[in-house]
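If you want the building blocks of each chain, they are given just below.
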Amino acid sequence: MNEQDLLLSSALMADIDRAAREELGIPGVVLMENAGRGAWEVLRRVLQEEGTTPAERKTSPEGPLVFCAGPGNNGGDALVMARWAFLEEQFPLAVVTSRAGLGAAAEAQWEILRRLGLSRLVWEEEPGAVRELLGGARMIVDGLSGTGLSGALRGSAAGLVEAMNASGAPIASVDLPSGFRDDPDPGDPRVRADLTIVTGYLKRSLFTALGRPGAGRIVQVDPGFPPSLVRAAVGSGGSSPSQVRLRNPRDLTPRPVPADAHKGVRGKVGVVGGAPGTGGAPLLAGLGALYGGAGMVRVCTGAAPGEGWCDPSLMVKADTRENRTGILDWASALVIGPGWTDAGRDDLRDLLGEARQRSLPVVLDAQALRLLEPALVVESPQVSGAEKSGGEASLILTPHPGELAAMLGCTPRDLACNPWEALRKTAEIYAAVVVLKGSVTCVADPDGRISVFDGGCPALATAGTGDVLAGLAGALCAAGTEAAEAARTAVALHLRAGQRLASRAGWFTARDLARSLGEISGGAP
Ligand SMILES: NC(=O)C1=CN([C@@H]2O[C@H](COP(=O)(O)OP(=O)(O)OC[C@H]3O[C@@H](n4cnc5c(N)ncnc54)[C@H](O)[C@@H]3O)[C@@H](O)[C@H]2O)[C@@H](O)CC1
Ligand SMILES: [K+]
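A quick note: this is a predicted structure, and the numbers were derived from the prediction, not measured.

Undergrad: I tried to follow helix α6 (residues 155-166) on my own but got confused; where do I start?
TA: The α-helix winds at 3.6 residues per turn, so residues separated by three or four positions along the chain end up facing the same way. An ideal rise of 1.5 Å per residue puts 16 Å on twelve residues; α6 measures up with 18 Å between its terminal C-alpha atoms. Looking only at α6, the buried set comprises Ala-158, Leu-160, Val-161, Ala-163 and Met-164. Contacts from the buried residues of α6 go to β2 (65-69), β3 (93-97), α5 (127-135), β5 (139-143) and β6 (171-174). Phi turns positive one or two residues past the end of α6, at Gly-168, with a value near 85 degrees.

Undergrad: Is there a simple way to think about the layout of surface pockets in this case?
TA: In this approach the atoms are scanned with a rolling probe the size of a water molecule, which exposes any empty space left behind. The volume enclosed by the largest pocket comes to roughly 800 Å³. Surrounding the largest pocket, 39 residues form its lining, Gly-72, Asn-73, Asn-74, Gly-146 and Gly-148 being those nearest its centre. Going through the elements one at a time, α1 (10-22), α2 (28-49), α3 (73-87), α4 (104-115) and α6 are the ones with two or more residues in the lining of the largest pocket. Within the lining of the largest pocket, the residues separate by chemical class into 18 nonpolar, 15 polar and six charged. In this structure, the second largest pocket occupies an estimated 690 Å³ of space. Of all the secondary-structure elements, those providing two or more residues to the lining of the second largest pocket are α14 (401-408), α15 (412-417), β18 (441-444), α17 (465-478) and α18 (483-505).

Undergrad: How should the pattern of salt bridges be read in this particular structure?
TA: A side chain of one charge can pair with a side chain of the opposite charge if their charged atoms are brought near each other. Taken as a whole and assessed by the stated rule, the structure comprises 30 salt bridges. Close ionic contact of Arg-245 with Asp-5 constitutes a salt bridge, the shortest N to O distance being 2.8 Å. Of this pair, Arg-245 sits in strand β10 (residues 244-246) while Asp-5 sits in the segment before β1 (7-8), and the two are 240 residues apart along the sequence. Since its relative accessible area comes to 28%, Asp-5 is described here as partly exposed. Linking Arg-181 and Asp-188 is a salt bridge whose minimum nitrogen-to-oxygen distance equals 2.8 Å. Each member of the pair Arg-181 and Asp-188 is classed as buried. Several salt bridges share partner residues, and in doing so they unite Asp-445, Asp-447, Arg-449, Glu-485 and Arg-488 into one network.

Undergrad: Mind showing me how you'd approach the environment of Asp-365 here?
TA: Mapped onto the secondary structure, Asp-365 falls in the loop between β15 (362-364) and α11 (367-371). Separated by 162 residues in the primary sequence, Asp-365 and Lys-203 place their C-alpha atoms 30 Å from one another. Dropping the residues within four chain positions of it, Asp-365 is found in contact with Ile-336, Gly-337, Pro-338, Thr-398, Lys-437, Gly-466, Asp-467 and Ala-470. Polar side-chain contacts of Asp-365 include one of 2.8 Å to the side chain of Thr-398.

Undergrad: What's the story with the coordination of the potassium ion (ligand 2) in this structure? I'm lost.
TA: Ideal coordination angles are 109.5 degrees for a metal with four donors arranged tetrahedrally and 90 or 180 degrees for a metal with six donors arranged octahedrally. Distances from the potassium ion (ligand 2) to its protein donors, Asn-74 (OD1), Asp-142 (O), Ser-145 (O), Val-174 (O), Leu-176 (O) and Ser-178 (OG), fall at 2.5 to 3.0 Å. Because the angles between the six donor atoms bound to the potassium ion (ligand 2) fall within 70 to 174 degrees, the donor set is best described as irregular. Ordering the donors of the potassium ion (ligand 2) by residue number gives the pattern N-x67-D-x2-S-x28-V-x1-L-x1-S. Linking Asp-142 in strand β5 with Ser-178 in the loop between β6 and β7 (195-199), this pair joins segments that are 36 residues apart in sequence. With a relative accessible area of 0%, Asp-142 lands in the buried category.

Undergrad: Where do I start with the pairing of strand β14 (residues 333-336) in this structure?
TA: Remark: a regular strand shows side chains that alternate across the two faces of the sheet. What you see with β14 is no split at all: Ala-333 and Val-335 on one side and Leu-334 and Ile-336 on the other are buried throughout. One ladder, built from four bridges, connects strand β11 (residues 268-273) with β14; its direction is parallel. Paired with Val-272 across the strands is Ile-336, a residue of β14. Two strands pair when backbone bridges link them, and β14 and β15 are joined in this way by three bridges, in the parallel orientation.

Undergrad: For this particular structure, what's the right way to read the domain arrangement of the protein?
TA: Much of the literature gives interface size as the accessible area that the parts lose upon coming together. Annotation of the protein at the domain level lists domain 1 (7-240) and domain 2 (250-520). With twelve residues of domain 1 in contact, the opposing surface of domain 2 contributes nine residues. Between domain 1 and domain 2 lies a buried interface of about 970 Å² when both sides are counted; carbon and sulfur atoms form 62% of it. Ranking the residues of domain 1 by area buried against domain 2 places Pro-186, Phe-207 and Thr-208 at the top, with a combined share of 40%. Taken together, domain 1 and domain 2 are joined by two salt bridges.

Undergrad: Is there a simple way to think about the sheet that holds strand β13 (residues 315-318) in this case?
TA: For sheets, the rule is that strands pair by backbone hydrogen bonds, running either parallel or antiparallel. One open sheet accounts for ten strands, arranged β10-β19-β18-β17-β16-β15-β14-β11-β12-β13; its pairing is mixed. Sheet topology places β10 and β13 at the edges, where each strand pairs with a single neighbour. If you compare each strand with its neighbour and ignore which way they point, the axes differ by 20 degrees on average. Here four bridges tie β18 to strand β19 (residues 450-453), and the two strands are oriented antiparallel to one another.

Undergrad: Looking at this model, I keep getting lost on the UniProt feature "binding site: AMP" (unreviewed entry) in the protein. Mind explaining?
TA: The positions UniProt marks with the feature "binding site: AMP" (unreviewed entry) are Lys-437, Gly-438, Ser-439, Val-440, Thr-441 and Gly-466. Separation in sequence by 30 residues is not matched in space for these annotated residues, since their most distant C-alpha atoms are only 13.8 Å apart. Set against the second largest pocket, the annotated residues named above that line it are Lys-437, Gly-438, Ser-439, Val-440, Thr-441 and Gly-466. Locating Thr-441 in the fold gives a position in strand β18. When sequence neighbours within four positions are dropped, the list of residues in contact with Thr-441 reads Val-435, Leu-436, Ser-451, Val-452, Phe-453 and Val-491. Polar contacts involving the side chain of Thr-441 include one to the main-chain carbonyl oxygen of Gly-438, which spans 3.1 Å. As for its placement among the helices and strands, Gly-466 is situated in helix α17. Residue Gly-466 is classed as buried on the basis of its relative accessible area, which comes to 19%.

Undergrad: Sorry if this is basic, but what is going on with the site of ligand 1 here?
TA: Around ligand 1 there are 24 residues in total, and Asp-77, Gly-146, Ser-150, Ala-152 and Asp-175 lie nearest to it. Asn-74 places a polar side-chain atom, nitrogen or oxygen, 2.8 Å from an oxygen atom of ligand 1. In this structure, Arg-154 approaches ligand 1 through a main-chain N or O atom, which is 2.9 Å from a nitrogen atom. More than half of the atoms belonging to ligand 1 lie within 2 Å of the grid points that define the largest pocket. For the shell around ligand 1, the secondary structure elements donating two or more residues are α1, α2 and α3. For the shell around ligand 1, the leading source of residues is α2, giving four residues. A class-by-class count of the residues in the shell around ligand 1 yields eight nonpolar, eleven polar and five charged.

Conventions we followed
- Along each chain, numbering runs from 1 in the same order as the chain's sequence is written.
- Each chain gets a letter, beginning with A, and each ligand a number, beginning with 1, in the order they are written.
- Only residues with pLDDT of at least 70 get local features here, since the model is predicted, and only at 80 or more are side-chain atom pairs given and counted; chain-wide, interface and lining totals rely on the full set of residues.
- Each side-chain value is worked out from all heavy atoms of the structure, with water and hydrogens disregarded.
- Note on conventions: DSSP H or I runs of at least 4 residues are helices, E runs of at least 2 residues are strands, and numbering of each starts at the N terminus.
- To estimate how far a helix should reach, multiply one less than its number of residues by 1.5 Å.
- Think of it in three bands: residues with accessible area under 20% of the maximum for their type are buried, residues over 50% are exposed, and the middle band is partly exposed, with areas taken using a 1.4 Å probe on protein chains only.
- Residue contacts are counted whenever heavy atoms from the two residues lie within 4.5 Å of one another.
- Throughout, the protein atoms alone are placed on a 1 Å grid, and a set of points is a cavity if a 1.4 Å probe fits but cannot get out or a pocket if it is open with protein on both sides within 12 Å along at least five of seven lines; lining residues have an atom within 4 Å of a point.
- Grid points are joined across faces, edges and corners, and a volume is the space filled by probe spheres set on the points.
- Three categories are distinguished: nonpolar for Ala, Val, Leu, Ile, Met, Phe, Trp, Tyr, Cys and Pro, charged for Asp, Glu, Lys and Arg, and polar for the others, with Gly belonging to the last.
- Here, a salt bridge means any side-chain nitrogen of Lys or Arg that lies within 4 Å of a carboxyl oxygen of Asp or Glu.
- Polar contacts, as counted here, are pairs of nitrogen or oxygen atoms within 3.5 Å of one another; within protein the pair requires one atom able to donate a hydrogen and one able to accept it, and residues that are adjacent in sequence qualify only if both atoms are side-chain atoms.
- Note that water is not among the atoms considered, so a metal site may appear incomplete; the donors listed are N, O and S atoms within 2.8 Å of the metal, with 3.2 Å applied to Na, K and Ca.
- Site shape is set this way: if four donors have all angles between 85 and 135 degrees, tetrahedral; if opposite donors are over 155 degrees apart and all others between 65 and 115, square planar for four donors and octahedral for six; otherwise irregular.
- Two strands qualify as a pair provided that DSSP identifies no fewer than 2 bridges between them.
- Throughout, the edges of the domains are those of an automatic or database domain assignment.
- By convention, the term buried area covers the 1.4 Å-probe accessible surface removed from two parts as they join, with the contributions of both added.
- Only the contacting stretch of a helix is used when fitting its axis, a line to C-alpha atoms as for every element, and angles between N-to-C directions run 0 to 180 degrees.
- UniProt positions are given in the numbering used here, feature names are shortened, and annotations may be inferred rather than shown by experiment.
- Being near a molecule or strand, for a residue, comes down to having at least one heavy atom within 4 Å of it.
- Any molecule with more than half of its atoms within 2 Å of a cavity's or pocket's grid points is regarded as sitting in that cavity or pocket.

Spelled out as structure tokens, the structure:
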């Protein structure tokens with residue numbers, strides 16, 4: 001499937017589904033058959049070839065596959081899966097529906113199963129029997145709702161979701177874990193899946209901080225949507241502005257460094273940050289820059305001499321006016337903010353203004369983000385110049401959800417539910433590349449495109465790893481990589497370094513991470 005890395009809203013996916021049927025004349029039953037059969041093949045592989053269930057849930061190897069079908073086409077997909085499972089004659093299976101009955105398309109699928117000799121349980125009529133069935137399932141297939149859900153799941157479907165989650169059996173959701181929607185509320189009833197078999201394009205709600213933990217492993221199948229439809233829909237904006245794409249961290253690598261490079265060619269990174277008690281942060285940013293490939297790193301720190309000292313390769317100076325000017329004149333990229341707890345808005349205004357007068361790419365992190373306001377960027381001469389010439393932004397912001405929420409006057413919870421518009425807006429307001437850090441990390445360009453990096457690595461959730469990321473982004477900018485590409489590459493390398501180190505060493509510290517980064521960035525085998 002082409003364009004399979006695009007992340008769409010459910011609303012846009014539903015538009016494409018409609019256009020495939022109504023404009024191109026592809027019968028819905030054909031799409032449903034393709035989707036259901038493809039999804040069954042994925043599930044069979046999971047059940048048999050890999051010999052594992054998707055998660056460490058209690059599974060009953062001899063138990064049935066229990067297909068829970070809602071009234072819409074999502075239920076229809078699940079019933080097509082049930083038919084293909086039935087035809088293989090080696091899986092005991094059961095079907096659960098609700099009293100409200102099935103819509104026409106799902107009903108047609110159920111009718112085939114009925115004639116094949118299957119019976120079904122109705123949730124509202126026999127809740128005890130359904131709970132027992134779910135508890136003894138080898139796998140539950142969740143087809144209660146997909147892109148057609150409007151509002152939070154209501155009524156008896158919410159109760160069935162609760163029973164599925166409580167069963168302890170592994171759950172494979174069709175298209176979306178039921179209950180997922182574009183604008184969710186954290187309290188919504190929703191299935192917690194171990195495997196999500198997406199029919200067609202990936203949905204954005206799977207890759208939010210709220211959604212991702214409940215989606216499990218994500219696999220895509222292609223029901224046969226022509227890619228021209230999705231291109232037209234995304235190109236026209238449709239009901240979901242801005243392009244959001246899933247990126248594979250392995251596709252992003254730093255620029256090769258020529259064999260005869262000297263340390264000046266590899267880039268000079270200046271870091272300004274630190275205060276008494278938070279002296280480690282700017283040094284970790286410095287290490288991130290060094291292990292990310294920078295030739296030289298200078299740190300201007302407000303911390304006490306020697307505080308947080310971690311590597312003699314770093315050139316560390318006190319944060320005085322003279323040293324700030326020195327670093328501005330020397331560096332090829334600047335990182336401002338790690339541990340900068342004593343700084344005020346004037347400090348940031350002056351530094352940012354001077355850096356941008358010198359056309360230095362700037363990474364703002366941590367305390368610098370707390371001090372940032374749009375006027376500081378808009379006043380800055382380089383931004384207006386870049387805007388006039390249509391040039392690239394050379395400002396990178398690296399907030400975590402708390403920092404971005406404070407910048408926007410919303411809550412981290414809002415961002416966890418639906419970060420897309422907030423990210424796009426922030427990138428536009430600040431004419432900056434915005435990196436929203438988390439178990440899923442998103443990088444927004446000022447032009448509205450968003451790159452998403454999946455692959456949560458809990459070991460990365462430790463003090464100082466964000467400082468290392470900021471330093472790394474600075475190093476890539478200092479080596480001449482354009483800001484958006486530098487930010488995306490930094491996120492990719494950082495994630496890969498964390499995953500590699502976690503697989504070898506388990507938990508680690510930010511300093512260990514910087515070293516692992518050196519292996520990944522420097523191309524060690
Ligand atoms: N053309 C097709 O037949 C295709 C359908 N597909 C599947 O179809 C799904 C979309 O199907 P639909 O648009 O029929 O809708 P869904 O099956 O996603 O779910 C909506 C159904 O749930 C009910 N519902 C809506 N809001 C509710 C609420 N708040 N509480 C309780 N019940 C609610 C409605 O009765 C509706 O029928 C996709 O997610 C995908 O699984 C895809 O597989 C591709 C092809
Ligand atoms: K579902």
